[in-house]
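# Residue-level structural notes
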Amino acid sequence: MSEATGVQYDLTQVLSPYMDRHMVLRLIEFLEEKKMYPSADLLHSKLDIIDKTKMADLKINLHEKAFQLAEKGGVKDAKERFEAAKKKCNEEKATVPKQYQKFSQMADPLMENFMSSELAGGVDSEKLEDFKKKHMIDEESIQTLYTYARFAFDIGQYSKSLEALEIYRILTEDEETSYLALWGKIAAEILLLDPESKDVDGHLQEVIDDLNILREATDSRTKVPELQQLVQRAWLINWSLFAFLATPQHAAQFVKFVLQDRIINAVQIRCPYILRYLIAAIMISYDQNKVHLKQVIDLIEMERDHYRDPFTEFVRMLLIDYDFEAAHKELVECEKVFEVDFFLCKPALREKFLASSRHLMFELYCRTHKTIDITTLAKRLNLDEKDTDKALVDLIRSAPFEGKINSKKNLLVVATEYPSIYQKVIDKTKGLAHRTQQIADAINKKMQMKLNAAENA
């Protein structure tokens, strides 16, 4: 794949405005591995981000690399600029540990008391009040946890930050700061995700549960301007990619998450590029989510002037235009996107997507052709010549119709079957229950928010 093709499909620039700077560093490191952009450009991007944190050692390391590149390029004042940056970083390196120790000494006693109390095993309001009275804890002392957590996060101590934020959210009565702490908790959880961990599925589900809690909390903030809520939902959607697209199993949950009315509204207005990930998630979990393809087709058509890529065009060519040749070309491009997309680059996601896409293409092609040349079909589905027969047998077995391979004529003969009227009704109404439940939930939430607003008035 050419460098230009990789850049063409890279979404880092549109993702970054909705990401925490520590998350953006992960995206840039991925781009460095793929060598899609000049290393000097990526290095300067990392410096711009890291300069806003307190990770002094990393700053010094990056400034040294930048100096080496500048020196090779013959930049005249490179030495002076490097020395000035290094001096500033060394001063910060000397003060950061002292600041961290100060915040830690303020927060540690409260955290230790909490972990050794009954609250560590479960929280109820009575035990919580007893704990606060026993240790003479007021809101000011609780706020030291929040200050400590923010500082720990800023120096890359994500586990310490997470621990402090979890305790803080239990103890505080400040709803606004608790809401902000939930964002910090999720950010720390995302940055601590380890795909090699034995309990990665459990950690991912914890993040997803917190994302749903945050979505509900955002929806319930009735006094916040609608535009601000819209932006917050856009941030939420972008952050959610780290968890939902980590494995094929969790990708299935992404579809339900995104297709909620307020979330999909934010996608359309603020981040239509999320359609790439929505389509990918539907195809990765095709058996569970194929019923949602019709809704996604409508979205693709509505947003075509604002966003299109191989994923949206593949679905459009296949399910709107029925142009199998064009759909095949877009599917080939989709494979290239998997190579350069931070969230889709996992082999398991790619394999599931391609398998489901071929299955869908095969089914539609057979519904519109009675006799099919196997060589042509293999090209349409991008099948390996050596495994064509085996792959076709597997596809026929899983298809909702009968087909026979005529090896002598190199043809696939499809038996004509017409679905019963009952099956048509079932297919048409499959998504009604889910949609009805969504509408009912939305009405209930709106009524509850009105009640809450009336009570607070």
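Residues numbered from 1 in each chain as written. Predicted model: local features only at pLDDT ≥ 70, side-chain atom pairs only at ≥ 80, totals over all residues. Heavy atoms only, no water.

This next bit is on the environment of Met317. Relative to the elements of secondary structure, Met317 occurs in helix H18 (residues 310–319). In the structure, Met317 is positioned 10 residues away from Ala327 in sequence and 5.2 Å away in space, judged by C-alpha atoms. Those residues in contact with Met317 that lie beyond four places of it in its chain are Tyr322, Asp323, Ala326, Ala327 and Glu330. (Helix = DSSP H or I, 4+ residues; strand = E, 2+ residues; numbered from the N terminus. Contact = heavy atoms within 4.5 Å.)

It is worth spelling out the environment of Asp174 at this point. Tracing the backbone through its elements, the reader meets Asp174 in the loop between helix H9 (158–171) and helix H10 (175–191). When the C-alpha atoms of Asp174 and Glu139 are compared, they prove to be 8.2 Å apart, with 35 residues separating the residues in sequence.

For the rest of this paragraph, the subject is the pairing of strand E3 (residues 411–414). Here E3 shows a clear split, with Leu412 and Val414 buried on one side and none of Leu411 and Val413 buried on the other. Bridge analysis of strand E1 (residues 371–373) against E3 gives 3 bridges, and the strand direction is antiparallel. Bridge pairing links Ile372 to Leu412 in E3. As judged from the 4 bridges shared by strand E2 (residues 403–406) and E3, these two strands associate in the antiparallel manner. By the bridge assignment for E3, Asn406 is matched with Leu411. Taking the residues between adjacent antiparallel strands as the criterion, E2 and E3 are bridged by 4 residues, where Asn410 takes a positive phi near 55°. (Buried < 20%, exposed > 50% of the residue type's maximum accessible area, 1.4 Å probe, protein only. Pairing = 2+ DSSP bridges.)

Let us look at the pattern of salt bridges. Taken as a whole and assessed by the stated rule, the structure comprises 20 salt bridges. The salt bridge involving Lys93 is made with Asp57; its shortest N-O contact spans 3.0 Å. In this pair, Lys93 sits in helix H6 (residues 78–115) while Asp57 sits in helix H5 (residues 56–72), placing the two residues 36 residues apart along the sequence. Among the residues examined, Asp57 registers a relative accessible area of 49% and is labelled partly exposed. One salt bridge connects Asp219 with Arg233, and the closest N-O pair in it is separated by 3.0 Å. Taken as a pair, Asp219 in helix H11 (residues 200–219) and Arg233 in helix H12 (residues 226–244) lie far apart in primary sequence, 14 residues in all. For the pair Asp219 and Arg233, one class covers both residues: buried. Linked through salt bridges whose partners overlap, the residues forming this network are Arg215, Glu216, Asp219, Arg233 and Arg262. (Salt bridge = Lys/Arg side-chain N within 4 Å of Asp/Glu carboxyl O.)

Take Asp10: it is sitting in the loop between helix H1 (3–8) and helix H2 (12–15). Within the structure, the side chain of Asp10 is placed 2.7 Å from the side chain of Thr12, a separation counted as a polar contact. Here the side chain of Asp10 touches Tyr37 through a polar contact of 2.7 Å, side chain to side chain. (Polar contact = N/O pair within 3.5 Å; in protein donor to acceptor, adjacent residues only side chain to side chain.)

Pairing within the open sheet is antiparallel, and its 3 strands lie in the order E1-E3-E2. At either margin of the open sheet sits one strand with a lone partner, and together these are E1 and E2. Going from strand to strand, the sheet's axes swing by 25° on average, the running direction of each strand aside. The sheet strands contacting helix H21 (residues 374–381) are E1, E2 and E3, and the helix crosses E1 at an angle near 75°. (Axes fitted to C-alpha atoms, helices over the stretch in contact; angles between N-to-C directions.)

This paragraph deals with a nonpolar patch on the surface. A surface patch of nonpolar side chains, amounting to about 280 Å² of accessible area, comprises Ile439, Ile443 and Met447. Structurally, Met447 can be placed in helix H24 (residues 432–456). (Patch = residues over 30% accessible without salt bridge, like charges linked within 9 Å, V, L, I, M, F, W, Y side chains within 5 Å. Areas by Shrake-Rupley, 256 points an atom, 1.4 Å probe, with all protein chains shown as cover.)

By themselves, these figures tell us nothing about what the structure is for.
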